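Now for the letters of each chain:
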Amino acid sequence: LKRGQLHHPDGKIPVRTAPPTFDGTTFPVVVVQFTSGASAEYGLGDFLGESLDEDDDEWEIDEGWLSQVQLTVVAWSLNADERIRLRRAIEYLLIANMSVLDASGISQISLQQSDHEDYQSYAVPMYQSVSTISCLAPRYVGHRENRIRHVNLQIKGV
């Protein structure tokens, strides 16, 4: 929007979690939906990592797996040319945030995109750009354990 390539009366393009109803919706709009998720990769003993919290003197231990996750992002528009700009914006936003995703442990990101038209479901032609994003994302449960400070060793004669 700041580059002037896309426009929306509200000054921002709404992002929703379900397809829009035509009544009351100001287009364009983007919908992000969870498509699927499945455990994919495991560490030894389901161990993903640990870190020491010096302030609390405890270990933070994470156990879980990497999930194969798929999201579907649909950009809805009343204009075919705007749909193209929305598709490109979704791709560029994903690329621009790769370091943020990497810092969150998300890896092996792939993107597939396709364009569609719907001339029958609504009173006006509806243009959609469908982006499918697949990745590996960490799914884990963390727990804390006290840091070991002292070990008592007793040796008994043989």
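Residues numbered from 1 in each chain as written. Predicted model: local features only at pLDDT ≥ 70, side-chain atom pairs only at ≥ 80, totals over all residues. Heavy atoms only, no water.

**Q** How do you make sense of the overall build of the chain when you look at a structure like this?
**A** Looking only at helices and strands, one finds two helices and five strands in the chain. Mapped in sequence order, the helices and strands of the chain form the string β-β-β-α-α-β-β. Within the chain, buried positions represent 28% of all 158 residues. Accessible surface, the chain: about 11,000 Å² in total, of which carbon and sulfur atoms supply 50%. (Helix = DSSP H or I, 4+ residues; strand = E, 2+ residues; numbered from the N terminus. Buried < 20%, exposed > 50% of the residue type's maximum accessible area, 1.4 Å probe, protein only. Areas by Shrake-Rupley, 256 points an atom, 1.4 Å probe, with all protein chains shown as cover.)

**Q** It is not clear to me how the pattern of salt bridges should be interpreted in this structure. Could you clarify?
**A** Opposite charge on two side chains permits pairing when their charged atoms draw close. Applying the stated criterion to the full structure yields three salt bridges. The partner of aspartate 115 in a salt bridge is arginine 83, and the shortest N-O contact between them spans 3.8 Å. Of this pair, aspartate 115 sits in strand β4 (residues 107-118) while arginine 83 is found in helix α1 (residues 80-96), placing the two residues 32 residues apart along the sequence. Classification of arginine 83 by relative accessible area gives buried; the value is 7%. Note that glutamate 117 and arginine 83 form a salt bridge whose closest N and O atoms lie 2.8 Å from each other. On the criterion of sequence distance, the pair formed by glutamate 117 in strand β4 and arginine 83 in helix α1 is long-range, its members being 34 residues apart. Look at glutamate 117 and you get partly exposed, because its relative accessible area is 40%. (Salt bridge = Lys/Arg side-chain N within 4 Å of Asp/Glu carboxyl O.)

**Q** Mind showing me how you'd approach unusual backbone geometry here?
**A** Excluding glycine, residues mostly carry a negative phi; peptide bonds, for their part, are mostly trans. Residue proline 28 is reached from phenylalanine 27 by a cis peptide bond, and omega for that bond is 10 degrees. Of note, proline 28 is situated in the loop between β1 (15-16) and β2 (29-53). Positive phi values are uncommon outside glycine, yet glutamine 108 reaches one of about 50 degrees.

**Q** Looking at this structure, I do not really get the environment of valine 32. What am I missing?
**A** Tracing the backbone shows valine 32 in strand β2. The exposure class of valine 32 is partly exposed, given its relative accessible area of 29%. It is 5.2 Å that separates the C-alpha atoms of valine 32 and threonine 17, two residues lying 15 residues apart in sequence. In this view, valine 32 contacts Val15, Arg16, Thr17, Thr72 and Val73; residues no more than four positions away in its chain are not counted. (Contact = heavy atoms within 4.5 Å.)

**Q** I tried to follow the nonpolar core on my own but got confused; where do I start?
**A** Counting nine residues, the largest nonpolar core is built from Leu6, Ile13, Val30, Val73, Ala75, Leu86, Ile90, Leu94 and Ile133. Residue contributions to this core peak at three residues, all from α1. Setting aside its immediate chain neighbours within four residues, leucine 86 contacts Leu6, Ile13, Pro28, Ala75, Trp76 and Ser77. Within the second largest apolar cluster, seven residues are counted, among which are Val29, Val31, Met126 and Val130. (Core = buried A, V, L, I, M, F, W, Y, C linked by side-chain atoms within 4.5 Å.)

**Q** Hey, could you run me through a nonpolar patch on the surface in this one?
**A** Together, Tyr92, Ile95 and Met98 make up a nonpolar patch on the protein surface, roughly 310 Å² of accessible area in all. Summarising the element assignment, tyrosine 92 is placed in helix α1. Assessed through its relative accessible area of 47%, tyrosine 92 is described here as partly exposed. (Patch = residues over 30% accessible without salt bridge, like charges linked within 9 Å, V, L, I, M, F, W, Y side chains within 5 Å.)

**Q** I keep staring at the packing of aromatic side chains and nothing clicks. Help me out?
**A** To describe a pair of aromatic rings, one takes the distance between the centres and the angle between the planes. Taken as a whole and judged by the stated rule, the model has two aromatic pairs. On the numbers, 6.2 Å between centres and 90 degrees between planes, the contact of tryptophan 76 with tyrosine 122 is edge-to-face. A residue pair is termed long-range when its members are at least 10 positions apart, and tryptophan 76 in strand β3 (residues 58-77) and tyrosine 122 in the loop between β4 and β5 (126-146) qualify at 46 residues. Taking the relative accessible area as the measure of exposure, tryptophan 76 reaches 7% and is therefore buried. Overall, the relative accessible area of 22% leaves tyrosine 122 in the partly exposed class. (Phe/Tyr/Trp six-rings, centres within 6.5 Å; stacked < 30°, edge-to-face > 60°.)

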